[in-house]
Amino acid sequence: ANEALFVHPDDLRTAFATAMSHMYKEEVPLYGDLVQIVSDVNREVISQNSIEPPTADRLERLMLERHGAIRLGTPEELGTVRRIFALMGMQPVGYYDLSVAGLPMHATCFRPICESSLARNPFRIFTTLLRPELVQSDAARDLALRLLSERNIFSQQLMQMLKVAEHQDHRLDCQQGEVFIREALRTFCWAPVAAATRTEYEILKNEHPILADIACFQTCHINHLTPRTLDIGRAQRAMQEQHMVVKERIEGPPSRRFPILLRQTSFIALEERIQFRAGDGAAAAADLINGSHKARFGEIEERGTAVTPAGRALYDKLLGEALDSAQHLSPEGVDAMVVEKFRSYPDTWDELRKGGLVYFKYRCITKSRHHLVNVANIPLGLGEGKDLERLIDAGVVETVPITYEDFLPFSAAGIFQSNLRHGSRTNQEPLQSRPDLDALEAALGRSVVDADELYAAAQQGSLQSCLEMLRSVLS
Ligand code: OOG
Ligand code: NI
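Computed from a predicted structure; not experimentally measured.

Undergrad: When you look at the overall build of the chain in this model, what are you seeing that I'm missing?
TA: Broken down by element type, the chain carries 19 helices and 12 strands. Taking 475 residues into account, the globule formula puts the C-alpha radius of gyration at 23 Å, and the chain, at 24 Å, falls close to it. Reported as C-alpha extents along the three principal axes, the dimensions of the chain are approximately 95 × 65 × 40 Å. Taking all contacts inside the chain whose residues are at least 6 apart in sequence as the whole, residues at least 24 apart take part in 77%. Entry remark: accessible area of the chain is about 21100 Å², with carbon and sulfur atoms responsible for 52%. One way to put it: in the chain the 52 positive side-chain charges average out to a point 2 Å from where the 64 negative ones average out.

Undergrad: Hey, could you run me through the site of ligand 1 in this one?
TA: Around ligand 1, the neighbouring residues are His67, Ala69, Arg71, Phe126, Asn223, His224, Gln264, Phe297, Glu299, Phe407, Ala412 and Phe416. Between ligand 1 and the protein, one listed contact pairs an oxygen atom with a side-chain N or O atom of His67 at 3.0 Å. With respect to ligand 1, the side chain of Asn223 contributes an N or O atom lying 3.0 Å from an oxygen atom. Protein burial of ligand 1: of its 320 Å² of free accessible surface, 100% is covered by the chains. Here ligand 1 occupies the largest cavity. Contributing elements (two or more residues each) for the shell around ligand 1: strand E1 (66–72) and helix H17 (409–419).

Undergrad: I keep staring at the sheet that holds strand E9 (residues 288–294) and nothing clicks. Help me out?
TA: Backbone-to-backbone hydrogen bonds pair the strands of a sheet. The strands run either parallel or antiparallel. A sheet is described by the order of its strands in space; here 3 strands give the open sequence E5-E8-E9, paired in mixed fashion. One side of each edge strand has no neighbouring strand; the edge strands of this open sheet are strand E5 (193–197) and E9. Between one strand axis and the next, the sheet turns through 45° on average, direction left out of account. Two strands pair when backbone bridges link them, and strand E8 (residues 271–277) and E9 are joined in this way by 7 bridges, in the antiparallel orientation. Across the sheet, the residue bridging to Phe276 is Ile289, located in E9. The strands touched by helix H9 (residues 198–207) within the sheet are E5, E8 and E9, with E5 carrying the most contacts at an inclination of about 80°.

Undergrad: I'm lost on the packing of helix H1 (residues 9–27) against helix H2 (residues 29–48) in this one. Help?
TA: The axes of two packed helices give the description: the angle between them and the distance between them. It is at 5 Å that the axes of H1 and H2 come closest, and there the two elements cross at 120°. If you check the angle between H1 and H2, you find them oblique. Here Ser21, Tyr24, Lys25, Glu26 and Glu27 of H1 lie close against H2, whose contacting residues are Pro29, Tyr31, Gly32 and Val35. Residue composition of the contact of H1 with H2, grouped by class: 4 nonpolar, 2 polar and 3 charged.

Undergrad: Is there a simple way to explain the coordination of the nickel ion (ligand 2) in this structure?
TA: Four donors placed tetrahedrally about a metal ideally form angles of 109.5 degrees, and six donors placed octahedrally ideally form angles of 90 or 180 degrees. At the metal site, the nickel ion (ligand 2) is ligated by His67 (NE2), His224 (NE2) and Glu299 (OE), and these contacts range over 2.1 Å. Coordination of the nickel ion (ligand 2) draws on donor residues from a single chain, spaced H-x156-H-x74-E in sequence. Remark: His224 occurs in the loop between helix H10 (209–215) and strand E6 (225–227) and His67 occurs in strand E1; sequence separation between them is 157 residues. Assessed through its relative accessible area of 6%, His224 is described here as buried.

Undergrad: Would you take a moment to explain the sheet that holds strand E4 (residues 124–130) for this structure?
TA: One open sheet holds the 5 strands; their spatial order is E2-E3-E4-E1-E6, and the pairing between them is mixed. The open sheet has two edge strands with one neighbour each: strand E2 (91–97) and E6. Taken over all neighbouring pairs, the strand axes of this sheet differ in orientation by 20° on average, direction set aside. With 6 bridges joining them, strand E3 (residues 105–111) and E4 adopt antiparallel strand pairing. From the neighbouring strand, His106 faces E4, where its bridge partner is Leu129. Sheet strands touched by helix H18 (residues 437–444): E2, E3 and E4. Its angle to E3, the strand with the most contacts, is close to 50°.

Undergrad: Would you mind showing me how to read the packing of aromatic side chains here?
TA: Going through the model one piece at a time under the given rule, you end up with 16 aromatic pairs. The interplanar angle of 25° and the centroid separation of 5.9 Å between the aromatic rings of Trp190 and Phe217 together place this pair among those described as stacked. On the criterion of sequence distance, the pair formed by Trp190 in the loop between helix H8 (174–188) and E5 and Phe217 in the loop between H10 and E6 is long-range, its members being 27 residues apart. Both residues of the pair, Trp190 and Phe217, belong to the buried class. One residue, Arg296, lies across the ring of Trp190, its end atom 4.0 Å from the ring centre. The residue whose ring lies beneath Arg303 is Phe407, and the NZ or CZ to ring-centre distance is 5.5 Å.

Basis of the calculations
Residues numbered from 1 in each chain as written. Chains lettered and ligands numbered in written order. Predicted model: local features only at pLDDT ≥ 70, side-chain atom pairs only at ≥ 80, totals over all residues. Heavy atoms only, no water. Helix = DSSP H or I, 4+ residues; strand = E, 2+ residues; numbered from the N terminus. Rg over C-alpha atoms; globule rule 2.2 N^0.38 Å. Contact = heavy atoms within 4.5 Å. Areas by Shrake-Rupley, 256 points an atom, 1.4 Å probe, with all protein chains shown as cover. Lys, Arg positive; Asp, Glu negative; His and termini not counted. Charge placed at Lys NZ, Arg CZ, Asp CG, Glu CD. Near = heavy atom within 4 Å. Polar contact = N/O pair within 3.5 Å; in protein donor to acceptor, adjacent residues only side chain to side chain. 1 Å grid on protein atoms, 1.4 Å probe; cavity = no way out; pocket = protein on both sides within 12 Å on 5 of 7 lines; lining within 4 Å. Sits in = over half its atoms within 2 Å of the grid points. Pairing = 2+ DSSP bridges. Axes fitted to C-alpha atoms, helices over the stretch in contact; angles between N-to-C directions. Parallel < 35°, antiparallel > 145°, perpendicular 65-115°, else oblique. Nonpolar A, V, L, I, M, F, W, Y, C, P; charged D, E, K, R; others polar. Donors = N, O, S within 2.8 Å, 3.2 Å for Na, K, Ca; no water. Buried < 20%, exposed > 50% of the residue type's maximum accessible area, 1.4 Å probe, protein only. Phe/Tyr/Trp six-rings, centres within 6.5 Å; stacked < 30°, edge-to-face > 60°. Lys NZ or Arg CZ within 6 Å of the ring centre and 35° of its normal.

Here it is in structure tokens:
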């Protein structure tokens, strides 16, 4: 085969993400409005704050950047989805136990992991998998499993392309790439004719609304696509001005001078028309029965710096304390409590970095030997520890925050909850359960990547090349 004919996985991912965004705009026009709001806000922020966006990421990446979410029913579905995303350079990163929030599911995030791919397009898909063992009613569980066993969400041509790619060192040429994207979109599109009857749908929905969404349809529809905003407060106000029904609170940390992790909010899932299969006993079996379903919503997010395990422990502690003491408060009361508690989360770059709370990259910005030796007084035999602080103080080495590329399980749970109708078991009542990483990895057919290891390696790698650079200038 001619090497030059193969599409680079980064390009395949961008083509797929773009096609997905077009499809979702057609399906949910309000998503198009959201993208417009976010791009207007981003432009304003950039023009008001100087040319550079207030993030380490380039504007080009920012405009492309989206994450989406899908909900899968079976381990086999997850296994195939893993193969689909692998061709686009996306790997499963992290394990999210959603049972802590009363959801019978666990999740991972498919995303690129190497720095150059992340810089080109960090497209991510938050992917949940049903855990039938956490469904309490035997009848509902059996019904869900039967419906899932009867569906096939992957077209033959898609399966064919996966095989072809796997015989070509996991690559596709342009023409194959086009077929692949077209067929992959079918898996994630909206199919408003349910594979269930109204009664079956109701049984699942009464058990847990998420169960009806997972098991009653012939596709695993993408349920949102999220653009990244530079100012979530401003974007949220713009959403309200356009009369979108917006979730009551922004999830995640409060607004800060040095943003960490991610803040998210959404417009509430739309009530959409669907059709149910007529029951077997119905007179005219071909007739479809009108109904409606709520699953798809629009979300925006603001991303900050990735935090170390110590930074994460502090985040979890403060958020936990805030939510515990705010249990009976209004959404505004909860926000005020979160702001109050987070006063003890350092918010200067120096404290965050020296306290080992965030991940960042070292960048050498002086390459002149004269400057290093005579102006910055850097010793010729450069060591690591103290010298590094001196290099930073002298402006020879600069530190750049590393963007958080992942998700937050409690924010995800908050997003889920606000999109489920208020029903019996939906209000954060924890299920009796434990995480089950082994089961998720067995379904994937591989292990999940540890996000912390990626951030730590990026930080360490930048330190190494920075020191090598300085040593070579000084030698
Ligand atoms: C996924 C919700 C989680 C996020 O951004 O945390 C999520 C879902 O509703 O399927 O997308
Ligand atoms: Ni999301």
